[in-house]
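Listed below, chain by chain, are the residues.
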Amino acid sequence: PVLEKRGDIILGGLFSLHDTVVEPNMTFTSTPAPTQCTRFSFRTFRWMQTMIFAVEEINRNPELLSNITLGYKIYDSCSTPHQSLKAAIDLMGSEKDSHEGCDGNVPAVIGDGGSTQSLVVARFLGVFHVPQVSYFSSCACLSKKEFPAFLRTMPSDLFQVGALVQLVKHFGWTWVGVVAGDDAYGRGGAAIFANELQKLGACVAFYEMIPKIQSQAAVSAIISNIRSSGARAVLVFAVEQDAARLFEEADREGLTGIQWLASEAWSTAAVLSTPKKYHHILQGSMGFAIRRAHIPGLQDFLLRLHPSSPDADEDPFLVPFWEEVFQCSLGTRSKDRHTRSEGKPPCSGTENLQSVKNIYCDVSQLRISYNVYKAVYAIAHAIKAMRSCVRGNGPFSQQACPDLDNIQPWQVCSRKQNVNYINRFGDEIKFDVNGDPAAMYDLVNWQLTPSGDMEFVTVGKFDKIGADGRKNLHIEEEKIVWNGNKSQVPLSVCSSICPPGSRKAIRPHFPICCHDCVVCAAGEISNQTDAIECVRCLPEFWSNADRTACIPKQVEFLSFSDIIGIVLLVISLIGSFLTCTVALVFFYHRTTPIVKANNSDLSFLLLFSLTLCFLCSLTFISQPSRWSCILRHTAFGITFVLCISCILGKTIVVLMAFRSTHSSKVLKWFGPVRQKAIITFSTLVQVVICTVWLVLAPPTPQRYMPREGAIIILLCDEGSTLAFSLVLGYIGLLASLCFILAFLARKLPDNFNEARLIAFSMLIFCAVWVAFVPAYISSPGKYSTLTEIFAILASSYGLLGCIFAPKCYIILIKSEKNTRKHLM
């Protein structure tokens, strides 16, 4: 069947007025029955009427094509490639037409709608260089290189996919399912989307095809896969018929909670938005639709149809449309046209389209209709350009102009490339080198109105601007209502979003989007979600407990505010107090035999040096500074040498007094002056060592910042390890000499225990400092300082207790033994 109107120039039209075809039973024993189309499409019928409206509007406009009228030949392609091809062959003219001078040929074809049908038609029409302008075919496979005569007012899927990928990126979806129709449109668009999604770093959770064969088991398997995948965002790249089958099965199996992303083919499809059984599934769906427009006068033109009108008999598509709208039968008129009207009551004749509310009469979403309108006008402008040709300056060979009485299709095709004008709606109409229009989309959101109807709300726009391919996506998120009537963006990820303070760790043998969240190591942070890696803090900083920020490291040193610092302070002061107490006891009993026998001058000097030893430990308890570092090491070295020198002097006197056969002569050489000289000389050696140390490489405060620690350790660096070793070694030399001499005098008369006490005290002293060296080297941080203080206090207490405690015991408790007779 063909809807035809004569004119000076005839335009072809291909529209899928029916959704499916019932194939005849091929018995090969008789002539097959004619192909029967079913499921009339009101939406496509409106597109067809828009073409007729545009043709008549152009014919009424004397400024566009004066003295020329356009006609049309419109066929129903029934949504199938072979029906489209049959119609295209008929448009090229019959054998009878060819004998009459090709009057039956058309210079241009509007259509077809589906990309699969357009592929077949474009390959056929391209042989004859007949320009084809599609209003709905968006498949990127319809390239200019393969189909040079193909143009479209529908943007290529390359642009739509780019918009969809940006949409996915904007909302942070990294685990997206893809369901495609099993045709050129679905396969091509879904494949491009999957590739672009992977370049973005996101992953395809599943990739399913909706089979063209009516198989409930196959569609049910797709629903099961969607449910088990865990993906919340699913793109359905399919024509509305395939999408309807998918959602029908989703409704049957109770699949909810999915954020459906619509391709342009069904983003505003009434066949899905009208049935209320789909509302709970599709509410909140989102997709891109081409820009819409309001075409003045179109609605009145659509409502003019009636079977009783004068030209109704010439329209083979009016009867099936009327019977489908009003669900009645027009009797013999419908029978003559092989339509199915069995079981329908006869039409009363009072039916009127004014009372009908369906997708055909709805002009609020004129998107594809606007594409049809633009396609007709684009051809009209191409013809106008040819009529404006100046002889001798034409676009063809030898600058010739076309024969206006016999316009050839290839001439229209060549002029179509140069179409560039601003239409009455302010849109620029032109085609790029690929025959594609400028890509402009509206982002529509499916929202339920209070009355329960589905409404397409524009919540954003997408534009591809300029030759550089710059793309802009603008979204008004506050207008969006998500699936389940929620205002919060749904989360569609394979793994949970890693919060700040953690990083993504890829799971082996899983897609890159599937990962585990690993807490950042100590000293590392991440301050954003889904961080790929953690960032190490600078040496002066450390990560906080949440691993989200670098904070200054805690400065650590042995402080008076620490518990251990307070304990050491108390122990040191107690030692100093006890030493002073012993000195007072000795001073009070200085005339007693035991004090005189122990060389009171050296005893007081020893007690003074012990007091300094106790007090020098306090220089180690504070924040290290330049002066405190110098004082603590030099004071320690000099006071201990002074202390050991005093003990050494006492030991030599005792030993010489009892070991020498000429004690009176020997003691003259070790009198008080010589003893003080020995002490002074021994101490001066240490003073010289410390002076050289301070001049060449003095101790300085240092900040130690271990990479794996949360503290900055403040220590006094020795400056010169050799000098520090000499100081300790010299103390050890004196202590060892003192111990040897005291050991030699250990068997003196029992009543005189000075040498024995010195030997025992030196044994403790040497044991403490021998143990100190490895402990000091291996102690971390402030514990090395703590080890040094412990050695100072322990050795000081050892000297005080071993040398002076027995004497104080005799002086204070056993005073009867404090007699010359007892000592002798």
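Structure: above.
Because the structure is a prediction, the values reported are computed rather than measured. All residue numbers refer to position in the chain's written sequence, counted from 1. The predicted origin of the model limits local features to residues at a pLDDT of at least 70 and limits the giving and counting of side-chain atom pairs to 80 or more, whereas totals for whole chains, interfaces and linings rest on all residues. Hydrogens and waters are ignored; side-chain quantities use all the structure's heavy atoms.

Undergrad: I'd like to hear about the state of the cysteines, residue by residue, with values.
TA: Cysteine sulfur atoms are paired as a disulfide whenever they come within 2.5 Å of each other. This structure, assessed with the given rule, holds nine disulfides. Across the disulfide, C494 is cross-linked to C514 (sulfur-sulfur distance 1.9 Å). Classification of the bridge connecting C494 and C514 rests on its S-S torsion, roughly 95 degrees, and on that basis the disulfide is right-handed. On the criterion of sequence distance, the pair formed by C494 in the loop between β18 (470–475) and β19 (502–506) and C514 in the loop between β19 and β20 (515–519) is long-range, its members being 20 residues apart. In this scheme, a residue with accessible area under 20% of its type's maximum is buried, one over 50% is exposed, and one in between is partly exposed, where area comes from a 1.4 Å probe on protein chains only. Among the residues examined, C494 registers a relative accessible area of 23% and is labelled partly exposed. Owing to a relative accessible area of 2%, C514 belongs among the buried residues under this scheme. Shown here is the disulfide that connects C520 with C534, its sulfur atoms set 1.9 Å apart. Torsion about the S-S bond of the C520 and C534 cystine: about -80 degrees, corresponding to left-handed handedness. Of this pair, C520 sits in the loop between β20 and β21 (524–525) while C534 is found in the loop between β21 and β22 (535–536), placing the two residues 14 residues apart along the sequence. C520 gets classed as buried once you look at its relative accessible area, which sits at 3%. With a relative accessible area of 12%, C534 lands in the buried category. The numbering of helices and of strands both runs from the N terminus, where a helix is a DSSP run of H or I of at least 4 residues and a strand a run of E of at least 2.

Undergrad: Before we move on, can you summarise the nonpolar core with the specific residues and values?
TA: Among the nonpolar cores identified, the biggest contains 107 residues, and F193 and F321 are the most heavily contacted of them. Counting residues per element, this core draws most heavily on helix α14 (residues 368–387), at 13 residues. Residue ranges assigned to the domains are those given by an automatic or database domain assignment. Looking at this core, you find at least three residues from each of domain 1 (3–18 + 34–95 + 102–154 + 296–330 + 354–426) and domain 2 (157–291 + 438–479). Ranked by size, the runner-up nonpolar core spans 61 residues in total, among them A635, V641, I731 and F804. What is meant by a nonpolar core is a set of buried Ala, Val, Leu, Ile, Met, Phe, Trp, Tyr and Cys residues, joined one to another through side-chain atoms within 4.5 Å.

Undergrad: I'd love a proper account of the sheet that holds strand β26 (residues 700–704), names of residues and values included.
TA: In space, the three strands of this open sheet follow the order β25-β27-β26, with mixed pairing throughout. Single-partner strands in this sheet number two, and they are β25 (554–556) and β26. Neighbour-to-neighbour, the strand axes of the sheet open up by a mean angle of 25 degrees, direction not taken into account. Two strands are counted as paired when DSSP detects at least two bridges linking them. Where β25 and strand β27 (residues 711–717) come together, three bridges link them in parallel fashion. Note that in β27 the partner of Q554 across the bridge is I711. A fitted line through C-alpha atoms represents every axis, and for helices the fit uses only the stretch in contact; the resulting angles, taken between N-to-C directions, go from 0 to 180 degrees.

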